[in-house]
Amino acid sequence: MNRFLSTKNGLIQIILWSLVVVLSGLLVSSIITSTPIPFVPKLILGLVIALIIWVLLDTRYVIKTKFLLYRSGPFRGRIDITKIKKIKLHSGLFVPVSMKPALDINGFIITYNQYDDVFVSPSNSSIFLEELKKINPSIEINT
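Counting starts from 1 at the beginning of each chain's written sequence and moves along it residue by residue. Per-residue local features of the predicted model are confined to residues with pLDDT of at least 70, and side-chain atom pairs are confined, for both listing and counting, to 80 or more; whole-chain, interface and lining totals are unaffected and use all residues. The basis for every side-chain value is the complete set of non-hydrogen atoms in the structure, without hydrogens or water.

Here we look at helix α2 (residues 39-57)
Between its first and last C-alpha atoms α2 spans 27 Å; for 19 residues at 1.5 Å apiece the expected length is 27 Å, and the two agree. Residues L45, I49, I52, V55 and L56 constitute the buried set of α2. Buried residues in α2, looked at end-on, bunch into an arc of 135 degrees, giving them a common side. Opposite its buried face, α2 presents the exposed residues F39, V40, L47 and L57, each directed more than 90 degrees away. Pairs of residues are marked as contacts when any of their non-hydrogen atoms sit within 4.5 Å. Working definition: helices are DSSP H or I runs of at least four residues, strands are E runs of at least two. Numbering for both runs from the N terminus. Here the buried face of α2 lies against α1 (10-32), β2 (59-64), β3 (67-72) and β4 (75-80). Here the expected length of a helix is defined as 1.5 Å per residue gap, with one fewer gap than residues. The cut-offs for exposure are 20% and 50% of the maximum accessible area for each residue type, with area from a 1.4 Å probe on protein chains only; residues under the lower value are buried, those over the upper are exposed, and the others partly exposed. As used here, the arc is the angular range of directions from the helix axis to the C-beta atoms.

Remarks on the side chain of S30
For S30, the position within the fold is in helix α1. The class for S30 is buried, based on a relative accessible area of 8%. Looking at S30, its side chain comes within polar contact range of the main-chain oxygen of L27, at 2.8 Å. Whenever two N or O atoms come within 3.5 Å, that pair is a polar contact, provided that in protein one can donate a hydrogen and the other can accept it, and provided that, for residues adjacent in sequence, both atoms are side-chain atoms.

Overview of unusual backbone geometry
Most peptide bonds are trans, and most residues other than glycine sit at a negative phi. In this structure, T65 is a non-glycine residue whose phi angle is positive, near 50 degrees. Take T65: it is sitting in the loop between β2 and β3. Given a relative accessible area of 65%, T65 falls into the exposed group.

Brief notes about the pattern of salt bridges
Every case where a carboxyl oxygen of Asp or Glu lies within 4 Å of a side-chain nitrogen of Lys or Arg is listed as a salt bridge. Enumeration over the complete set of coordinates arrives at four salt bridges. Among the salt bridges present, the one from R60 reaches D58, with a minimum N-O distance of 2.6 Å. Take R60: its relative accessible area is 24%, and that puts it in the partly exposed class. Among the ionic pairs, K134 bridges to E131, the shortest N-O distance being 3.1 Å. Highlighted residues: K134 and E131, both in helix α3 (residues 125-135), separated by three residues, approximately one helical turn. By relative accessible area, which is 60% here, K134 ends up exposed. For E131, a relative accessible area of 17% translates into the label buried. Among the charged side chains, a salt-bridge network with shared partners connects D58, R60 and R71.

Points about the sheet that holds strand β1 (residues 2-5)
Only strands that DSSP links by at least two bridges are regarded as paired with each other. Read across the sheet, four strands follow the order β1-β2-β3-β4 without closing on themselves; strand pairing throughout is antiparallel. Looking at the sheet topology across the chains shown, the edges are occupied by β1 and β4. Pairs of neighbouring strands in the sheet enclose a mean axial angle of 15 degrees, with direction left out of account. Bridging between β3 and β4 involves six bridges; their strand directions are antiparallel. Opposite L69, over in β4, you have R78 as the bridge partner. Contacts from α2 reach β2, β3 and β4 within the one sheet, and its direction differs from that of β4 by about 35 degrees. What counts as an axis is a line fitted to C-alpha atoms, over the stretch in contact for a helix, and the angles between N-to-C directions run from 0 to 180 degrees. Sheet strands touched by α3: β1, β2 and β3. Its angle to β2, the strand with the most contacts, is close to 30 degrees.

Put into C-alpha cells, the structure is as follows:
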C-alpha cells in the first residue's frame, strides 16, 4: 500500500486559510457580541470552517492492491486501476473535470471506465505513475 499526499499550491493554501480565519472571526464575533444571531447560521458557519480545515489537512491518495483510493476531507472515491485508460498531465487553474480531490493546480487528469475522470496532484508524481503502471501497464501517459 502506497500513500501519496496532495501537493499544495501556496496561493490556494493562503486563500483557504484566510477564509478559515475570516469565518472564524465572524463566528467568534457573533458569539461574543450581544447581537442575537440565530443558532442555525452559527452552526452552518462552524460546519463550513470545519469542512475547509478537513480538506486542507486530509487530501491524499492510496494505491491499495488494484485500487486507487482518493480522499479530500469528506469527499472520497475508489478507482479500479485496471480500468484506467489514460493519465494526462494538466497545469492550470481551470481543470475540465468535475471531481478534483487536489490542493494544487498542477497534477494529472485520470480517465477511467468509459467517460469518468478525476484530477489528482500526488506529491511524488513519478513514483505514483510507476506504481499505477506496475498494476496496469496499458495506461497511456501523456506528460
